[in-house]
Amino acid sequence: VQLQASGGGLVQAGDSLRLSCAASGLTFSGYGMGWFRQAPGKEREFVAAISFSGRTTYYADAVKGRFTISRDNTKNTVSLQMNSLKPEDTAIYYCAQHKARSYSGSRLYAATEYDYWGQGTQVTVSS
């Protein structure tokens with residue numbers, strides 16, 4: 001089971017980045033996917049999630065309107081388009097697969113509801 005996140009980097013405030021997460025060794029299309037982030041000295045926090053079908057998305061208030069999550073069930077990938085980046089977006093970003101099959105709802109916000117996690121990709125936004 002592997003979730004491989006990529007696309008992080010060092011950018012300036014106002015720039016954009018697109019994170020991708022490729023899944024292998026697991027059933028992808030039937031499960032919700034999420035992105036979380038963890039900044040130094042802080043707890044891991046929810047960023048965005050997408051239902052198993054891709055029809056419903058969820059966002060943290062801090063990123064709403066700037067970030068867009070999407071998935072391609074034919075390629076077993078989930079992406080996070082990040083626009084208008086701010087220094088406070090600096091963190092390690094993790095993708096994860098939700099534990100419940102065919103679920104769409106508020107449990108997608110909770111990190112404890114995810115079974116499989118990627119290794120993380122660093123995003124650094126300079127001011």
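The structure under discussion appears in the preceding block.
The structure displayed is predicted, hence computed values, not measured ones. (Residues numbered from 1 in each chain as written. Predicted model: local features only at pLDDT ≥ 70, side-chain atom pairs only at ≥ 80, totals over all residues. Heavy atoms only, no water.)

As a further point, take the state of the cysteines. Linking two cysteines covalently via their sulfur atoms produces the bond known as a disulfide. All chains considered together, the criterion is met by one disulfide. Each sulfur of the disulfide joining Cys 21 and Cys 95 lies 2.0 Å from the other. In this structure, the disulfide formed by Cys 21 and Cys 95 twists by about 60° around the S-S bond and is classed as right-handed. Pair noted here: Cys 21 is in strand 3 (residues 17-24) and Cys 95 is in strand 9 (residues 91-101), with a separation of 74 residues, a long-range link. (Disulfide = S-S within 2.5 Å. Helix = DSSP H or I, 4+ residues; strand = E, 2+ residues; numbered from the N terminus.)

Here the focus is the sheet that holds strand 3. Within the open sheet, the four strands sit side by side as 1-3-8-7. Their pairing is antiparallel. What marks the edges here is a single partner per strand, and that holds for strand 1 (2-6) and strand 7 (67-72). Strand-to-strand twist of the sheet, defined as the mean angle between neighbouring strand axes without regard to direction, takes the value 15°. Pairing analysis gives five bridges linking strand 1 to strand 3, with the strands arranged antiparallel. (Pairing = 2+ DSSP bridges. Axes fitted to C-alpha atoms, helices over the stretch in contact; angles between N-to-C directions.)

Here we take up the packing of aromatic side chains. Aromatic ring pairs are described here by two measures, namely the spacing of the ring centres and the angle between the planes. Scanning the model with the defined rule gives six aromatic pairs in all. On the numbers, 5.0 Å between centres and 80° between planes, the contact of Phe 36 with Tyr 114 is edge-to-face. Residue Phe 36 is located in strand 4 (residues 31-38), and its partner Tyr 114 is located in strand 10 (residues 114-117); the two are separated by 78 residues in the primary sequence. Comparing Phe 36 with Tyr 114, the two get one shared label, buried. Here a set of aromatic residues connected by ring pairs shows up, and it is made of Phe 36, Phe 46, Tyr 58, Tyr 109, Tyr 114 and Trp 117. A cation over an aromatic ring shows up here: Arg 44 above the ring of Tyr 94, its NZ or CZ 3.9 Å from the ring centre. Sitting over the ring of Trp 117, Arg 44 keeps its end group 4.6 Å from the ring centre. (Phe/Tyr/Trp six-rings, centres within 6.5 Å; stacked < 30°, edge-to-face > 60°. Buried < 20%, exposed > 50% of the residue type's maximum accessible area, 1.4 Å probe, protein only. Lys NZ or Arg CZ within 6 Å of the ring centre and 35° of its normal.)

This paragraph deals with the nonpolar core. Within the largest apolar cluster, 38 residues are counted, with the highest numbers of intra-cluster contacts made by Trp 35, Leu 80, Met 82 and Tyr 93. What Tyr 93 contacts, discounting residues up to four positions off in sequence, is Leu 19, Trp 35, Phe 36, Arg 37, Val 47, Phe 67, Leu 80, Met 82, Gly 120, Thr 121 and Val 123. (Core = buried A, V, L, I, M, F, W, Y, C linked by side-chain atoms within 4.5 Å. Contact = heavy atoms within 4.5 Å.)

With that out of the way, let us pick up the environment of Gly 25. Summarising the element assignment, Gly 25 is placed in the loop between strand 3 and strand 4. Its relative accessible area of 63% is what places Gly 25 among the exposed residues. Along the sequence, Gly 25 and Ala 100 sit 75 residues apart, while their C-alpha atoms lie 17 Å from each other.

In the Ramachandran plot, Asn 76 falls in the positive-phi region, its phi being about 55° despite a non-glycine side chain. One can find Asn 76 in the loop between strand 7 and strand 8 (77-82). By relative accessible area, Asn 76 is classed as partly exposed at 24%.

A few words now on the side chain of Arg 71. Structurally, the position occupied by Arg 71 is in strand 7. Here Arg 71 occupies a buried position and makes no salt bridge, while the nearest side chain of opposite charge, Asp 72, is found at 8.2 Å. Polar contacts involving the side chain of Arg 71 include one to the main-chain carbonyl oxygen of Phe 28, which spans 2.9 Å. The residues touching Arg 71, leaving out its near neighbours within four places in the chain, are Phe 28, Ser 29, Tyr 31, Gly 32, Met 33, Ile 50, Ser 51, Phe 52, Gly 54, Thr 77 and Val 78. (Lys, Arg positive; Asp, Glu negative; His and termini not counted. Salt bridge = Lys/Arg side-chain N within 4 Å of Asp/Glu carboxyl O. Polar contact = N/O pair within 3.5 Å; in protein donor to acceptor, adjacent residues only side chain to side chain.)

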